[in-house]
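These are the residues of each chain, in order.
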Amino acid sequence: MEKDILIDGLKMHYQETGPVDANPVILMHGWGCDHTTVRSVASLLESGMHVYNLDLPGHGKSDEPPTAWGVDDFTKYIEKFSKKLDIENPVLIGHSFGGRISLLMSSRNPISRMVLIDAAGIKPKRKIDYYLKVYSFKLAKKILPIILGKSKGQQVIDKWRGAAGSADYRNSSSIMRAVMSRCVNEDLKHVMPEIKASTLLIWGENDTATPLSDARYMEKHIKDAGLVAFPDAGHYSFLDNPGGFAAVMKEFFKKDLSGAN
């Protein structure tokens, strides 16, 4: 069932499926996606679990954040969503950007289990050319409005920013670009030792957005974590290897799904 909820004046859209008295699952997609991207994940569980499949703020049919939110802002919003719907000890499942929220939320709230799918949360190591680009851009932001005038200078800066950014960045609104820039520079390594819930890491060995080395770090620093990596799969491992993914998920949740028809 498709639903909307208003939290702090911000509308969030979500899909709710599965038996109402079953264990709750909060499912969160990656950046630039929506709940339909991970619909296949929900379909694996909804026969025996109650799944809340979210359109995160700024995605799908949900409202954009009013300011440049960081990971903590997104997490507080999902915590309020859980409180408003009386969701206790949920399973958290996060793909990519949804994994960032899952990591922080699980480090400070009681949850039953967690699945991180090609999850973000570790600040990427940057090469020297990245920092040259960043500092050149910061310098241009100061100088161009003086040389070209405020309006023309801003046009050049916006064009440069759009050309230099990733496809996700280019396809985002101005507020979501600011959100993305802030979130990708947040490192969540420090919260991982605080996570007590049993955690399943599912990764594509060819993931270039969140490399397998990130998964290995998480496996080492989250107390009860195990890693499954699929060869010939990338950042969307659940779509690249749907059969293998389904088998792993059904094994991890076999107690919840064993009585389902």
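This write-up is about the structure you can find in this document. Given the structure is predicted, the values throughout are model-derived calculations rather than measurements.

Here we come to the sheet that holds strand β2 (residues 10-17). Read across the sheet, eight strands follow the order β1-β2-β4-β3-β5-β6-β7-β8 without closing on themselves; strand pairing throughout is mixed. Single-partner strands in this sheet number two, and they are β1 (2-7) and β8 (225-230). Ignoring strand direction, the axes of neighbouring strands in this sheet form an average angle of 20 degrees. Contacting β1, β2, β3 (24-28) and β4 (50-54), helix α2 (residues 71-84) crosses the sheet at an angle of about 110 degrees to β1.

What follows is about the pairing of β4. Among the five residues in β4, five count as buried, and that is most of the element. Of the two faces of β4, the one lined by His50, Tyr52 and Leu54 and the one lined by Val51 and Asn53 are each fully buried. Examined bridge by bridge, β2 and β4 share four bridges and lie antiparallel to one another. Note on β4: the bridge partner recorded for tyrosine 14 is leucine 54.

Turning next to the nonpolar core. Ranked by internal contacts, the top residues of the largest apolar core, which has 44 residues, are Leu54, Ile78, Phe81 and Met218. Among all residues touching isoleucine 78, those that are not within four sequence positions of it are Met12, Ile26, Met28, Leu54, Leu56, Ile101 and Met105. Within the second largest apolar cluster, 24 residues are counted, among which are Val25, Ala42, Ile202 and Val248.

What counts as what
Residues numbered from 1 in each chain as written. Predicted model: local features only at pLDDT ≥ 70, side-chain atom pairs only at ≥ 80, totals over all residues. Heavy atoms only, no water. Pairing = 2+ DSSP bridges. Helix = DSSP H or I, 4+ residues; strand = E, 2+ residues; numbered from the N terminus. Axes fitted to C-alpha atoms, helices over the stretch in contact; angles between N-to-C directions. Contact = heavy atoms within 4.5 Å. Buried < 20%, exposed > 50% of the residue type's maximum accessible area, 1.4 Å probe, protein only. Core = buried A, V, L, I, M, F, W, Y, C linked by side-chain atoms within 4.5 Å.

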